[in-house]
Amino acid sequence: MNLQVLYFAALRERVGRASERVDVPAGVATVGELRAWLVARGEPWASAFAETLRLRAAVDQAMARDDTALAEGAEVAFFPPVTGG
Amino acid sequence: MAVRVQTEDFDVGAEIRRLRESQPGVGAVAAFVGVVRDLNEGEGVASMTLEHYPGMTERALEQIEHRARSRWNVAEILVIHRVGELQPTDQIVLVVVTSRHRGEAFAACEFVMDYLKTEAPFWKKELTPEGSRWVDAREADDAARSRWEQGA
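Residues numbered from 1 in each chain as written. Chains lettered and ligands numbered in written order. Predicted model: local features only at pLDDT ≥ 70, side-chain atom pairs only at ≥ 80, totals over all residues.

### So, the overall build of chain B
Within chain B one finds 4 helices and 10 strands. Along its sequence from the N terminus, chain B presents helices and strands in the succession β-α-β-β-β-β-α-β-β-β-α-β-β-α. A compact globule built from 152 residues would reach a C-alpha radius of gyration of about 15 Å, and chain B, at 16 Å, matches this within 12%. Seen through its principal axes, chain B has C-alpha atoms that stretch 50 × 35 × 30 Å. The buried share among the 152 residues of chain B stands at 33%. (Helix = DSSP H or I, 4+ residues; strand = E, 2+ residues; numbered from the N terminus. Rg over C-alpha atoms; globule rule 2.2 N^0.38 Å. Buried ≥ 20, exposed ≤ 12 C-beta atoms within 10 Å, placed from the backbone.)

Now the structure itself:
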């Protein structure tokens, strides 16, 4: 399954890129599974995710949870808690 | 439905005038303006950069506006949020709500701000004498939003 992964703010800096296209194996079907798969790739993802407390995620630009399902071509974003306003 | 994300500054008076045009039934205008402080968590702030998630930001703000409208009988809601580099005393965000009576305008304005602070994908990075740092989310902001979920 092909996914577009986006990173924002402190997580973007830690990963060292704003986005990447990934092709994940069967078995990576939710936000939580995608995060675990990214972390299992090693650095910089492992440290970047470990250092980002209270990580949030969005799927196709809507707030998501670990059990939110992913579909082919989905845009999945990971970021720290928001601090606007 | 009016949500704008922009780098440019905004003119509060002009925005309110525009919102009130052809709205003779409006008896109340509540506005909130958020500005950049020169001090945060004990350190001087020289400047600030606001990052956001283009596309999701607008969607999130529209959802918040929609939720406010389903809760209160308001005439207009306007949200303007700036991004990019800002200096102390600069305006960051404007929320204006118009309604027939003041109660709805006050409540909806605060509701929109409380949800914006916790759900709209913006992130602040401050430049201080010690270097730059990402601003941490505050628990007080989560608590402010939770009030609205207890059937208040």
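After presenting the structure, the write-up continues.
### Points about the sheet that holds strand S2 (residues 28–35) of chain B
Residues and elements named next belong to chain B. Ordered by their spatial adjacency, 4 strands build an open sheet running S1-S6-S8-S2, and the pairing between neighbours is mixed. Edge positions in the sheet fall to strand S1 (2–6) and S2, since each of these pairs with one other strand and no more. Strand-to-strand twist of the sheet, defined as the mean angle between neighbouring strand axes without regard to direction, takes the value 10 degrees. Pairing of strand S6 (residues 74–82) with strand S8 (residues 91–99), which is carried by 7 bridges, proceeds in the antiparallel orientation. By the bridge assignment for S8, Ile77 is matched with Val97. Across the face of the sheet, helix H1 (residues 12–20) comes into contact with S2, S6 and S8 while running at roughly 25 degrees to S8. Each of S1 and S6 touches helix H2 (residues 56–71); the most contacted strand, S6, lies at about 155 degrees to it. (Pairing = 2+ DSSP bridges. Axes fitted to C-alpha atoms, helices over the stretch in contact; angles between N-to-C directions. Contact = placed C-beta atoms within 7 Å.)

### Digging into the sheet that holds strand S5 (residues 75–79) of chain A
Strands pair in a sheet through their backbones, by hydrogen bonds, and they do so in one of two ways: parallel or antiparallel. All names here are of chain A. With mixed pairing, 5 strands are arranged side by side in an open sheet as S2-S1-S5-S3-S4. Each having just a single partner strand, strand S2 (19–23) and strand S4 (62–64) make up the two edges of the open sheet. Averaged over all adjacent pairs, the angle separating strand axes in this sheet is 30 degrees, with direction ignored. Relative to S2, strand S1 (residues 2–7) runs antiparallel, the two sharing 5 bridges. Counterpart to Val5 in the pairing with S2 is Glu20.

### Observations concerning unusual backbone geometry
Residues and elements named next belong to chain A. At the junction of Glu43 and Pro44, the peptide bond is cis and its omega measures out at 5 degrees in the coordinates. Mapped onto the secondary structure, Pro44 falls in the loop between helix H2 (31–40) and helix H3 (45–51). The phi dihedral of Arg54 is positive, around 50 degrees, even though this residue is not glycine. Considering the arrangement of structural elements, one finds Arg54 in the loop between H3 and strand S3 (56–59). Accessibility expressed as a C-beta count within 10 Å gives 8 for Arg54, which makes it exposed.

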